[in-house]
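# Reading the structure
Spelled out from the first residue to the last, the chains are:
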Amino acid sequence: KTLIPFRRRRLAQATPERVRLGNTGFSIDVPPAMQLERASASGDTQTFSYGSLEQNPIRLVVVVRKLPRAIPTDELEGALGTLRAALEGSEDKAFIRDGAPRIEKINGRKVIAVEGRYQNRIQLKLWSALTENHELLVRVYSLPHRLTAWEKLEDGFIKTLRAE
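This section reports on the structure supplied with the text. Please read these numbers as outputs of a predicted model, since none were measured by experiment.

For the rest of this paragraph, the subject is the pairing of strand β2 (residues 26-30). Of all five residues in β2, four are buried, a share of seventy percent or more. Across four bridges, the pairing between strand β1 (residues 17-20) and β2 is antiparallel. Looking at β2, one finds that R18 is bridged to D29. Hairpin connection of β1 to β2: five residues between the antiparallel strands, including G22 at a positive phi of 55°.

Have a look at this one:
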């Protein structure tokens, strides 16, 4: 069902709800229009998908992976650098990256940020962060001609991801 533009804008501007990411110990703010589409677990990794590009102009995917061993606090920055280098070296021929992965500071936490688009024009913003015990991955897939209200949501997801 196609929504008229003002309805889509209203859905994007609705007050986000705090949702728990299963039993991971993390939660994130998600607008009510983006319902949980799929939750899955494989080993120490849990994945949560909100919204679908058929219903909304953006889709959120959060991956929480419990690390096999804890990373000491004083080694987190080095581990993040190693992860950034791995992301920089990875290649997906269908994905056109806009520049190299970069380290940003968001809410006092250093994260790796990657942006680009697929050959089918779907855009991707990806953030990866480490805690002592978890690797966190936030992916936002978006249609190229989305309303500004939806576009503003994209960068906010990583800002609201936190331990409970």
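Our next topic: the layout of surface pockets. Empty space within the largest pocket amounts to approximately 290 Å³. As for the largest pocket, its lining consists of 13 residues, of which S90, D92, F95, R97 and V114 are closest to the centre. Where the lining of the largest pocket is concerned, the elements lending two or more residues are β6 (95-97), β8 (109-118), β9 (123-130) and β10 (134-142). Here the residues of the lining of the largest pocket are counted per class, giving seven nonpolar, one polar and five charged.

The next point concerns the sheet that holds strand β11 (residues 162-163). Spatially, three strands are ordered β1-β2-β11 in an open sheet, and the strand pairing comes out antiparallel. Bordering the open sheet on either side are β1 and β11, each of which pairs with just one other strand.

What counts and how
- Residues numbered from 1 in each chain as written.
- Predicted model: local features only at pLDDT ≥ 70, side-chain atom pairs only at ≥ 80, totals over all residues.
- Heavy atoms only, no water.
- Buried < 20%, exposed > 50% of the residue type's maximum accessible area, 1.4 Å probe, protein only.
- Helix = DSSP H or I, 4+ residues; strand = E, 2+ residues; numbered from the N terminus.
- Pairing = 2+ DSSP bridges.
- 1 Å grid on protein atoms, 1.4 Å probe; cavity = no way out; pocket = protein on both sides within 12 Å on 5 of 7 lines; lining within 4 Å.
- Points joined across faces, edges and corners; volume = space filled by probe spheres on them.
- Nonpolar A, V, L, I, M, F, W, Y, C, P; charged D, E, K, R; others polar.

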